[in-house]
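# Structural features, examined
This is what each chain is made of:
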Amino acid sequence: MLSAKVTCNSHGQDSSYFLGWEEYEKNPYDDINNPNGIIQMGLAENQLSFDLLESWLQKNPEPLAFKKHNNQSTFKDLALFQDYHGLPAFKNALVRFMSEIRGNTVSFDPNNLVLTAGATSANETLMFCLADPGDAILIPTPYYPGFDRDLKWRTGAEIVPIHCSSSNGFKITKPALEDAYKQAEKQNLKVKGVLVTNPSNPLGTSLSLHELDLLVNFITTKNIHLISDEIYSGTVFSYPCFTSIMEVLKNRNLMNTEIAKRVHIVYSLSKDLGLPGFRIGAIYSNDERVVSAATKMSSFGLISSQTQYLLSEILSDHLFTKNYLSENRRRLRERHEKMVKSLQKSGIRCLQSNSGLFCWVDMRHLLSSETFEGEMELWSKIVYEVGLNISPGSSCHCSEPGWFRVCFANMSDATLDVAMQRVKSFVDSIVKKNIQSRHQQLLKRDSRRSKSLPKWVFELSFHQREVGDELKKDRALNPCGLEVAYASWLWKIIEYYHYYIFRSFRHHHNIGATIATTGVAVGNHAFQKWQENDQLALLLVQSSLNEEAIDEDLSLKTYRGAWKALEAAYNHNLI
């Protein structure tokens, strides 16, 4: 007979988040040995700055040899028994590093620090300290899929989602907090606290001061705890700057109050230093009872003395940590920009973000249906056909289908280039298939709908073949100055218009849409009607193109020039 813990399925291992990893492990990409394998883009790992750490180790070989700077051996001291409080030198170095990441706006007391074997252990230990089986913790969506395992599996606690929406960039709001609390009450669950990741995994955004104030006010009113998981605090690479919950408490003069005792921080070196294999995590709490209990529990998952000693030496080198944080942020910003721009070229946008090792990618327009079934269908194609392991939004409990977390810091530039080329080829194939399958259906619709289209667009679809050779001879009508077949030129105009002009008009000219401060367009009926007619126009023009024309390649530099060129051709009576 086995325990119920063994036979239950609450670990969350059957989530698509973990299933994607399993598929990658069966067929991992290698540029030489397996170039058609699956590229791992579901692992939030920072491999961009290993060379900085390796360079430090080469210049400072003593710690790895278990020797002090005077060449005296430390092996015996490190090999013998150490209690679960941790090495004082390491705890002092770690709290100083935490302060440095936060711009030294706040300081941390090493006596309030509990060392754990990674952030996973830290979060679970905090749950054991704060909640009983059947109690609930509120978490904003979307959230890290591993929380279903870390917070629930062994503790018996429950997670109640705080549903956040793309309409405001997935920001936390007071109504969302209240709704989640009421939902827990309806389920007869006692709410013990709120857990947030700041910066967010999977959004890659840091919490605003307004959101942090909301959270402090909320836990004060409800008399509950707040856990701030800040393991990505050192990855903030652009504005707005990172604000720790500790800074909020300090600025509101709450540091020595009962409220501060209900605020706890989780930290790790897995993301900021890229050392997940070292299993270095920590809990910081102002409640001495939590510190005492968590310290005792940490004996089930200690950090080795050798690891603590090595990291204490690295983190005590203030010049190194300063340079590392600056350079690592620069590299993250550069890599983030590269992936965002590459996805934009494929007509895919990302949530605007400033931190993390990933982007929150909007693929709603690629869904076969606006459902989570449609999302899983798309995810399956991306994993098995495209060869990319990414995390679907449903695995992060996102309430809107079509969002995906895509990691960018766990691979080389060359591998990212391969991944982005695969994405572009996949999106191009979807667009082509959709056009081919839908244009006949659309053309059969009520012909009165075509009256809303410009005359030159409608006539173009019927007369293009007859005048292709004529236009090809006249370079003056081609603003790009390229001698190409008219059919190819026309196709690329349509392609460019479809991916870029529509988005530019939608964002800058506000055609029947409300643009929120986050840059998210909220469509209304007029806008949807315009979009529908726009799609019909594209299909009418494209309907006369042949396969040879589609296969041609042409680069256009501006959307205005491209579209005006087509209209100019009609005005010259050559179409």
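Everything below is about the structure shown above.
Residues numbered from 1 in each chain as written. Predicted model: local features only at pLDDT ≥ 70, side-chain atom pairs only at ≥ 80, totals over all residues. Heavy atoms only, no water.

## Topic: the overall build of the protein
- A tally of helices and strands in the protein yields 21 helices and 15 strands.
- In the protein, of all internal contacts separated by at least 6 residues, the share reaching a separation of at least 24 is 75%.
- If you sum the accessible surface of the protein, you get close to 27,000 Å²; carbon and sulfur atoms cover 51% of it. (Helix = DSSP H or I, 4+ residues; strand = E, 2+ residues; numbered from the N terminus. Contact = heavy atoms within 4.5 Å. Areas by Shrake-Rupley, 256 points an atom, 1.4 Å probe, with all protein chains shown as cover.)

## Some details on the pairing of strand 6 (residues 225–229)
- By the criterion of burial, strand 6 is predominantly enclosed, with five of the five residues buried.
- As paired elements, strand 5 (residues 191–197) and strand 6 share five bridges and run parallel to each other. From the neighbouring strand, Val 196 faces strand 6, where its bridge partner is Ser 228.
- The pairing of strand 6 with strand 7 (residues 263–268) spans four bridges and is classified as parallel. (Buried < 20%, exposed > 50% of the residue type's maximum accessible area, 1.4 Å probe, protein only. Pairing = 2+ DSSP bridges.)

## Regarding the side chain of Glu 247
- When you line up the elements, Glu 247 lands in helix 10 (residues 245–251).
- Within the buried set, Glu 247 has no salt-bridge partner at all; the shortest N-O distance to an opposite charge, 7.5 Å, is to Arg 102.
- Not counting the four nearest positions on each side in its chain, Glu 247 is found in contact with Thr 105, Val 106 and Phe 242. (Lys, Arg positive; Asp, Glu negative; His and termini not counted. Salt bridge = Lys/Arg side-chain N within 4 Å of Asp/Glu carboxyl O.)

## Thoughts on the pairing of strand 3 (residues 136–140)
- In terms of burial, strand 3 is largely enclosed, as five of its five residues are buried.
- Residue alternation in strand 3 divides its side chains into two sets, Ala 136, Leu 138 and Pro 140 and Ile 137 and Ile 139, and both sets are buried.
- Sheet topology note: the strand 3/strand 4 (residues 158–162) ladder contains five bridges and is parallel. In the strand pairing of strand 4, Pro 140 is matched with Ile 162.
- Sheet analysis places strand 3 next to strand 5, joined by three bridges and oriented parallel. Paired with Leu 138 across the bridge in strand 5 is Val 194.

## Re the environment of Leu 343
- Here Leu 343 lies in helix 14 (residues 318–345).
- For Leu 343, a relative accessible area of 3% gives the class buried.
- When the C-alpha atoms of Leu 343 and Gln 421 are compared, they prove to be 9.4 Å apart, with 78 residues separating the residues in sequence.
- When neighbours within four sequence positions are excluded, Leu 343 is seen to be in contact with Ile 348, Cys 350, Val 361, Met 420 and Val 423.

## Digging into the packing of helix 5 (residues 88–101) against helix 13 (residues 305–315)
- Where helix 5 contacts helix 13, the axes come no closer than 8 Å and their chain directions differ by 45 degrees. As the angle between them shows, helix 5 and helix 13 are arranged oblique. Seen from above, helix 5 lies across helix 13 with left-handed handedness. Here helix 5 contributes Ala 89, Phe 90, Ala 93, Leu 94, Arg 96 and Phe 97 to the contact with helix 13, which in turn contributes Gln 308, Leu 311, Ser 312 and Leu 315.
- Here the residues of the contact of helix 5 with helix 13 are counted per class, giving seven nonpolar, two polar and one charged. (Axes fitted to C-alpha atoms, helices over the stretch in contact; angles between N-to-C directions. Parallel < 35°, antiparallel > 145°, perpendicular 65-115°, else oblique. Left-handed = near helix turned anticlockwise from the far one by under 90°. Nonpolar A, V, L, I, M, F, W, Y, C, P; charged D, E, K, R; others polar.)

## Remarks on the packing of aromatic side chains
- The tally for this structure, following the rule as stated, stands at 15 aromatic pairs.
- The interplanar angle of 90 degrees and the centroid separation of 6.1 Å between the aromatic rings of Tyr 17 and Tyr 144 together place this pair among those described as edge-to-face. Of this pair, Tyr 17 sits in helix 2 (residues 16–26) while Tyr 144 sits in the loop between strand 3 and helix 7 (147–150), placing them 127 residues apart in sequence. For the pair formed by Tyr 17 and Tyr 144, the shared burial category is buried.
- Seen in terms of ring centroids, Tyr 181 and Phe 218 are 6.1 Å apart; in terms of plane orientation they differ by 85 degrees. Their pairing is edge-to-face. Residue Tyr 181 is located in helix 8 (residues 174–186), and its partner Phe 218 is located in helix 9 (residues 209–222); the two are separated by 37 residues in the primary sequence. Considered together, Tyr 181 and Phe 218 belong to a single accessibility category, that of buried residues.
- An aromatic cluster of at least three residues, connected via ring pairs, comprises Tyr 17, Phe 18, Trp 21, Tyr 143, Tyr 144 and Phe 147.
- Note that Arg 102 overlies the ring of Tyr 267, its terminal NZ or CZ placed 5.8 Å from the centroid.
- Between Lys 222 and the ring centre of Tyr 181, over which it is positioned, the NZ or CZ distance is 4.4 Å. (Phe/Tyr/Trp six-rings, centres within 6.5 Å; stacked < 30°, edge-to-face > 60°. Lys NZ or Arg CZ within 6 Å of the ring centre and 35° of its normal.)

## A look at the sheet that holds strand 9 (residues 349–350)
- Sheet architecture is open: four strands sit in the order 9-10-13-12, paired in antiparallel fashion. Whereas interior strands pair on both sides, the edge strands pair on one side only; in this sheet they are strand 9 and strand 12 (391–392).
- For strand 12 and strand 13 (residues 403–407), the ladder comprises two bridges, and the chain directions are antiparallel. Of the residues in strand 13, the one forming a bridge with Ser 391 is Arg 405.
- The sheet contacts of helix 15 (residues 372–386) involve strand 12 and strand 13, and relative to strand 13 the element is tilted by about 30 degrees.

## Details of the pattern of salt bridges
- One pass over the full model with this rule turns up 22 salt bridges.
- The partner of Lys 338 in a salt bridge is Asp 413, with the nearest N and O atoms 3.2 Å apart. Of the two residues, Lys 338 is situated in helix 14 and Asp 413 in helix 16 (residues 413–443); the sequence distance between them amounts to 75 residues.
- Exposure remark for Lys 338: the relative accessible area of 25% places this residue in the partly exposed category.
- Lys 424 is the partner of Asp 428 in a salt bridge, and the nearest nitrogen-oxygen pair spans 3.0 Å. Highlighted residues: Asp 428 and Lys 424, both in helix 16, separated by four residues, approximately one helical turn.
- Look at Lys 424 and you get partly exposed, because its relative accessible area is 30%.

## Describing the nonpolar core
- Phe 90, Leu 94, Leu 138, Val 194, Leu 269, Leu 273 and Leu 311 are the most contacted members of the largest nonpolar core, which totals 70 residues.
- Here this core gets seven residues from one element, more than from any other, and that element is helix 5.
- Tyr 232, Leu 388, Phe 404 and Phe 408 belong to the second-largest nonpolar core, a separate cluster that totals 67 residues. (Core = buried A, V, L, I, M, F, W, Y, C linked by side-chain atoms within 4.5 Å.)

## Thoughts on the sheet that holds strand 4
- Across the sheet, seven strands lie side by side as 2-8-7-6-5-3-4; this open sheet has mixed pairing. Two strands in the sheet have a free side with no partner beyond their single neighbour: strand 2 (113–116) and strand 4. Across the sheet, the mean angle separating the axes of adjacent strands is 25 degrees when strand polarity is ignored.
- This element, helix 6 (residues 118–130), spans strand 2, strand 3, strand 5, strand 6, strand 7 and strand 8 (281–285) of the sheet and lies at about 160 degrees to strand 7.

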